[in-house]
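Okay, here's what each chain looks like letter by letter:
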Amino acid sequence: MRYTGPLALAGAVLLYAGSRVVRRFGVDETVFGVAFGPPTLLVLSVAAVALAAYGGYRLLGDFLIDHTASKRRRHDVRNVLRLAFGALGLIAGFGVVTRDWVSVLFSLGVVGFAVTFALQGALASLIGWLYIVTKRPYAVGDRIAIEDTRGDVTSIDLFVTEVWEIDGELVSSNQPSGRIVTVPNSVVLSSHVVNFHGEGVPYVWNELSVQVAYETDLDFAVDVMTEAAADYLGDEMAAGVAEYRDRLAETPVELDVTERPTVNVVQEESWVELRLRYLVHPRRGTRARNALYREIVEQFNDHPDRVAFPVGRNR
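Residues numbered from 1 in each chain as written. Predicted model: local features only at pLDDT ≥ 70, side-chain atom pairs only at ≥ 80, totals over all residues. Heavy atoms only, no water.

Focus on helix α7 (residues 218–233)
Now for step 1: Between its first and last C-alpha atoms α7 spans 22 Å; for 16 residues at 1.5 Å apiece the expected length is 22 Å, and the two agree.
Now for step 2: Of all the residues in α7, the buried ones are F220, A221, V224, M225, T226, A228, A229, A230 and L233. (Helix = DSSP H or I, 4+ residues; strand = E, 2+ residues; numbered from the N terminus. Expected span 1.5 Å × (residues − 1). Buried < 20%, exposed > 50% of the residue type's maximum accessible area, 1.4 Å probe, protein only.)

Examining the sheet that holds strand β9 (residues 262–267)
Now for step 1: Pairing is antiparallel across the open sheet formed by three strands, whose spatial order is β8-β10-β9. The sheet is open, and its two edges are formed by β8 (204–212) and β9, each paired on a single side. Across the sheet, the mean angle separating the axes of adjacent strands is 25° when strand polarity is ignored.
Now for step 2: Direction of pairing for β8 relative to strand β10 (residues 272–280): antiparallel, over a ladder of nine bridges. (Pairing = 2+ DSSP bridges. Axes fitted to C-alpha atoms, helices over the stretch in contact; angles between N-to-C directions.)

Some thoughts on the side chain of N206
Now for step 1: With respect to the helices, strands and loops of the structure, N206 is situated in strand β8.
Now for step 2: Setting aside residues up to four positions removed in sequence, N206 forms contacts with L276, R277, Y278, V280, G285 and R289. (Contact = heavy atoms within 4.5 Å.)

Digging into the packing of aromatic side chains
Now for step 1: Applying the stated rule across the entire model yields one aromatic pair.
Now for step 2: When the centroid spacing of 6.3 Å and the interplanar angle of 55° are considered together, the rings of F300 and F309 count as tilted.
Now for step 3: By relative accessible area, which is 31% here, F309 ends up partly exposed.
Now for step 4: One Lys or Arg, R150, reaches over the ring of F196 and ends 5.0 Å from the middle of that ring.
Now for step 5: Positioned above the aromatic ring of W205 is the side chain of R277, whose terminal nitrogen or guanidinium carbon lies 4.1 Å from the ring centre. (Phe/Tyr/Trp six-rings, centres within 6.5 Å; stacked < 30°, edge-to-face > 60°. Lys NZ or Arg CZ within 6 Å of the ring centre and 35° of its normal.)

Details of the sheet that holds strand β5 (residues 160–166)
Now for step 1: An order of β6-β5-β4-β3-β7 is seen for the five strands of this open sheet, with the pairing classed as antiparallel. Edge positions in the sheet fall to β6 (176–184) and β7 (193–195), since each has one partner strand and no second. Taking the axes of each pair of neighbouring strands and ignoring which way they run, one obtains an average angle of 35° across the sheet.
Now for step 2: Note: strand β3 (residues 143–146) against strand β4 (residues 149–156), four bridges, orientation antiparallel.

Details of the environment of D219
Now for step 1: Mapping D219 onto the fold places it in helix α7.
Now for step 2: Classification of D219 as exposed rests on a relative accessible area of 59%.
Now for step 3: Separated by 87 residues in the primary sequence, D219 and R306 place their C-alpha atoms 9.9 Å from one another.

Here's the deal with the pairing of β9
Now for step 1: Examined bridge by bridge, β9 and β10 share six bridges and lie antiparallel to one another. Opposite V265, over in β10, you have L274 as the bridge partner.
Now for step 2: Taken together, β9 and the strand that follows it, β10, pair antiparallel across an intervening segment of four residues.

Overview of a nonpolar patch on the surface
Now for step 1: Taken together, L60, F63 and L64 make up a surface patch of nonpolar side chains, about 250 Å² in accessible area.
Now for step 2: Using a relative accessible area of 48% as the deciding quantity, one classes F63 as partly exposed. (Patch = residues over 30% accessible without salt bridge, like charges linked within 9 Å, V, L, I, M, F, W, Y side chains within 5 Å. Areas by Shrake-Rupley, 256 points an atom, 1.4 Å probe, with all protein chains shown as cover. Salt bridge = Lys/Arg side-chain N within 4 Å of Asp/Glu carboxyl O.)

Next up, the structure:
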């Protein structure tokens, strides 16, 4: 299908040449009951416009996609070219049919007001798509939360966004459910969008809570948790924090971001809750939490004289 664009343009040229022949020699005959003449000219002209629009879309699209490294940008290029060449082909087709470009543009303007009321939802989704392309609240491959939907963006069309659902009604623990959720693009104009992995920093802060008794050596428990997280995350968290700081430096926000995991101590009625805070990629959040929890609990159990777990009905 590599040569579809050039072949379509060649077909458009041939059809246009055929229309010029019909117009020049005034073909006006009847063959098998089919009349040739002005209708033939009209059909050839409209077909030439359609092939020219399709050929231009394929030719320019293949060129731009070959020179675009990002998958997200390639997806946007296809959508923009579809809209542009579709609109040009439609206007050119009406111009060929009516032979009056000014009246066509005026008619489209008048009809546009009527269509606005009939297709408010579709137009709002189209405007939402323009907002997504220009402002980039999310792109293909991002993990987002929008309204009641949470998951990874798999496709952004002119009217809808398809999301590979995470959690939902079927599963939990930040795992894919296997369902594809279709969200109208108009939702982005009226709802908040949470992007967990966009063009900014591809990391999020996670917390892991462990409940211990008041008899626990808190300094020892905090050291165990921070060392376990530092050993598991390695240099990934340090690199993520550096990128996080660079991103913050571009904004007026002032935050103190540490390079190592930290533990917050929260006093409860019958126990102490230790909350480990660390930076991780959103798609590895559950995996990291499970590994850290197993390692921390195992080390706590190896030191029963220094770490105790709460017991009783209140826990």
